[in-house]
Amino acid sequence: MAGDGATGGAWWQKGVVYQIYPRSFQDSNADGVGDLPGIAARLDYLVALGVHAIWISPIFPSPMADFGYDVSDYCGVDPLFGTLDEFDRLIAAAHERGLRVILDFVPNHTSDQHPWFVESRSSPDSPKRDWYIWKDPKPDGSPPNNWVSEFGGRAWTFDPTTGQCYYHAYLKEQPDLNWRNPLVQDAMLQVIRFWFERGVDGFRVDAIHHLFEDKELRDNPPNPDWREGMSPARRVLRTRTMDQPEVHDAIAAMRRVSDEYDDRVMIGEAYLPIDRLMAYYGVDLTGFHLPFNFHLISALWTPTAIAALIGAYEAALPSGAWPNWVLGNHDRSRVASRLGREQARVAAMLLLTLRGTATIYQGEELGMTDVPIPPELVQDLWEKNVPGLGLGRDSVRTPMPWDGTLHAGFTAGHPWLPIAEANRVINVAAQQDDPSSMLALYRGLLALRRSEPALSVGAYVPVAATDRVLAYERRFHERRLLIVLNFSRQPLPFEMVDGRGLLLSTYLDQPQQINAPMVLRAHEGVIVQMP
Ligand code: NOJ
C-alpha cells in the first residue's frame with residue numbers, strides 16, 4: 001500500500017492543475033491570439049469544471065520565437081497577452097473564485113533580445129559576458145564541441161561581433177544562461193520574488209534538467225540506438241548537457257525563495273527516467289514539491305505496463321514525497337490522438353484516480369485531437385528546422401473550441417492556428433448539456449475527487465493487472481474505492497465488482513446490472529465503493 005499515512009493536506013496535493021496555453025485559450029481582442037482578459041472571461045468555466053489551480057504557459061514579453069519560452073523581460077506581460085494590470089485583475093478574479101494561479105518560469109535561457117544577452121554579446125569585456133556561455137570556435141572554425149540543439153542543428157551559434165560561439169540547448173534565439181554565475185542566480189531568484197509578491201501561487205519551472213552543462217564542455221557520447229527518423233538531437237546521449245549534479249543546489253535556492261512565502265508550489269519540468277527524476281525532490285525534500293512525472297505520456301498503453309509504471313514510480317518516491325501524474329501538455333500529442341477517443345475516457349479516469357496531483361492540459365476535457373497543420377501554416381520553428389519528422393507542436397496547440405461558430409468562439413478575428421472541424425464539433429457549448437460527454441466525465445471525476453478523500457489523498461493499493469484490465473483501490477481510513485479500467489474493446493466480467501456500489505462509470509449512465517459480478521463494457525472504467 002503506497003501513501004498510507006501521507007497527510008496530503010496542501011492545496012497542491014489535494015488539487016488538480018489545469019494547464020492553459022494562453023495563445024490558444026480565449027482571444028478577447030480579435031487579433032487571433034488568446035490573452036489574459038480572455039482567460040479571465042473563462043474562469044467560471046474552470047470553476048464549473050472543478051479544477052483547483054491554473055498554470056499559465058509564458059505570458060512575458062517575448063519575440064515569440066518559441067511562443068513565449070524565449071523571454072525578453074521576466075517581470076512584464078507581453079502586449080499580445082495584455083498588461084500587468086490585467087494580470088493583477090486576473091489573479092484577483094481567480095483568487096475570488098478559489099482558483100490558484102501558477103506561472104511558468106523559464107530559467108535555462110532567455111530570448112536573444114533580452115537586454116542581458118544584447119549586452120553580453122556586445123563585447124568580450126561586457127559585464128554581462130559571463131551571464132551566458134561563450135566559447136571560441138575550434139581552430140578550423142567548427143563549433144567548440146559536438147552538442148546538438150533540442151530543436152535541430154548545432155547547439156552553438158557563432159557571433160561575428162566577438163568571434164565566439166554561444167550555447168543554446170534550444171533555438172539559437174534562446175541563449176542559455178550561465179547558472180554558475182552567482183549574479184545570474186540572484187537576478188533569476190528576484191524574478192520569482194517579483195511574481196510571488198504579486199500573489200502568484202507557484203511556478204512550473206521550464207527545462208530544469210538543462211540548467212547546467214559540463215563545466216569543461218566535453219563532447220556528448222554518440223547514441224548507439226539512434227536511427228533514421230529520430231530527432232537529430234538524439235544522435236548523442238546528453239550526459240554532458242542534462243541532469244548535471246549542480247542543478248540541485250539551484251533548485252534548492254528557488255525552493256528557499258518559495259518557502260519565504262506561504263503555501264506556494266514549485267513544479268519542475270524534467271523528462272527523466274524515474275530514478276533520476278526522484279533526485280529533483282531534493283535532499284530531504286528541499287527541491288521541487290512536484291517534479292513533473294511525464295511517464296504516462298510515453299508508457300505503453302497496456303494494463304500490465306501501466307501497473308508496472310505506477311508500482312515503480314510509487315516505490316521510487318522518497319519518503320514523504322508527493323506523487324504527480326500528467327497525461328499531456330503543449331509539447332506532446334493529445335491523449336485522444338495517442339489512444340483513441342474511447343481509451344481517452346479510460347485515461348481520464350486513470351489520471352484523476354491515481355494517487356498524486358494531476359495536471360490536465362486544456363482541451364483534454366473535451367477530447368480534443370491533434371490537428372494536422374499544412375506546411376504553409378506551420379508556426380513552430382522546431383518543425384521548420386527539422387521538417388517531416390513530426391516533431392512540430394502546432395498540432396497540439398490549436399485553439400479551444402467554445403462553440404459551434406466559425407472560429408469556435410475562440411476569436412472574432414482569424415485564429416493563429418486552424419481549429420479543425422473535428423475539434424469544432426466537440427466544443428464546450430455542445431458538451432455542456434450532454435450528460436454523457438467527455439466534459440461531463442471530467443466534471444464528474446473532478447467532483448468525485450473533491451468529495452472523496454480516498455481519491456485526493458488516500459493510499460494506493462494495486463489489485464490486478466491482466467492483459468485487458470487494470471484494477472486498484474484508493475483507501476482512506478475505512479473508505480475503500482475500487483477503480484477498474486477496461487483497456488480493451490471486449491466486454492469483461494470482473495468478479496470483484498458489485499454493481500451496487502457503482503459511483504461513476506466512464507459511460508456516465510446508471511449501472512447496467514446490480515448483481516455481482518459486474519460486466520465491464522468495451523473501454524469502460526468504473527469507480528466502485530467497496531463494502
Ligand atoms: C519546454 C517547454 O514546454 C517547451 O514548449 C519549450 O519549447 C522548451 N521547454 C524550451 O523552453
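Residues numbered from 1 in each chain as written. Predicted model: local features only at pLDDT ≥ 70, side-chain atom pairs only at ≥ 80, totals over all residues. Heavy atoms only, no water.

Undergrad: I'd like a description of the sheet that holds strand β11 (residues 357–361), backed by residues and values.
TA: Strand order in the open sheet formed by eight strands is β9-β8-β7-β3-β2-β1-β11-β10, and the pairing between neighbours is parallel. With one partner strand each, in any of the chains shown, β9 (290–291) and β10 (324–326) form the two edges of the open sheet. Its contacts with the sheet place helix α4 (residues 84–96) against β2 (53–56) and β3 (100–105), and it is angled at close to 140° to β3. (Pairing = 2+ DSSP bridges. Helix = DSSP H or I, 4+ residues; strand = E, 2+ residues; numbered from the N terminus. Contact = heavy atoms within 4.5 Å. Axes fitted to C-alpha atoms, helices over the stretch in contact; angles between N-to-C directions.)

Undergrad: So what about the site of the ligand? Which residues, and what values?
TA: Taken together, Asp66, Tyr69, His109, Phe151, Tyr170, Arg204, Asp206, Glu269, His330, Asp331, Arg393 and Arg397 make up the full set of residues near the ligand. A distance of 2.7 Å separates an oxygen atom of the ligand from a polar atom in the side chain of Asp206. Within the contact set of the ligand, an oxygen atom lies 3.4 Å away from a side-chain nitrogen or oxygen of Arg397. Against a free-state accessible area of 300 Å², the protein chains account for coverage of 97% of the ligand. (Near = heavy atom within 4 Å. Polar contact = N/O pair within 3.5 Å; in protein donor to acceptor, adjacent residues only side chain to side chain. Areas by Shrake-Rupley, 256 points an atom, 1.4 Å probe, with all protein chains shown as cover.)

Undergrad: Break down the nonpolar core for me, citing the residues and quoting the values.
TA: Across soluble globular proteins, you tend to see nonpolar side chains buried next to one another. Counting 144 residues, the largest nonpolar core has Tyr18, Leu46, Phe203, Ile208, Met254 and Leu350 as its most contacted members. Those residues within four positions of Ile208 in sequence are excluded, and the remaining contacts are Val247, Ile251, Met254, Gly268, Glu269, Ala270, Tyr280 and Phe288. By size, the runner-up hydrophobic cluster in this structure holds 16 residues, among which are Ala155, Ala169, Trp382 and Leu391. (Core = buried A, V, L, I, M, F, W, Y, C linked by side-chain atoms within 4.5 Å. Buried < 20%, exposed > 50% of the residue type's maximum accessible area, 1.4 Å probe, protein only.)

Undergrad: Now, about the pattern of salt bridges: what can you tell me, with residues and values included?
TA: According to the stated counting rule, one finds 29 salt bridges in the structure shown. The shortest N-O distance in the salt bridge between Arg355 and Glu314 comes to 2.8 Å. A residue pair is termed long-range when its members are at least 10 positions apart, and Arg355 in the loop between α12 (341–353) and β11 and Glu314 in helix α10 (residues 303–316) qualify at 41 residues. Residue Arg355 is classed as buried on the basis of its relative accessible area, which comes to 4%. Note that Glu364 is salt-bridged to Arg334, the shortest N-O span being 3.0 Å. Of this pair, Glu364 sits in the loop between β11 and α13 (381–385) while Arg334 sits in the loop between β10 and α11 (335–339), and the two are 30 residues apart along the sequence. Glu364 gets classed as buried once you look at its relative accessible area, which sits at 5%. Judged by its relative accessible area of 1%, Arg334 falls in the buried class. Among the charged side chains, a salt-bridge network with shared partners connects Asp66, Asp331, Asp380, Arg393 and Arg397. (Salt bridge = Lys/Arg side-chain N within 4 Å of Asp/Glu carboxyl O.)

Undergrad: Go over the side chain of Asp112, please, and point to the residues and values.
TA: Locating Asp112 in the fold gives a position in the loop between β3 and α5 (115–122). Although Asp112 is buried, it makes no salt bridge; Arg121 carries the closest opposite charge, 4.5 Å away. Discounting chain neighbours no more than four positions away, the residues touching Asp112 are Phe117, Val118, Arg121, Lys172, Glu173 and Pro175. (Lys, Arg positive; Asp, Glu negative; His and termini not counted.)

Undergrad: Tell me about the side chain of Ser258, residues and numbers included.
TA: You can see Ser258 is positioned in helix α7 (residues 247–259). Relative accessible area serves as the criterion here: at 1%, Ser258 is assigned to the buried category. Beyond its immediate sequence surroundings of up to four residues, Ser258 is in contact with Phe196, Arg264, Met266 and His289.

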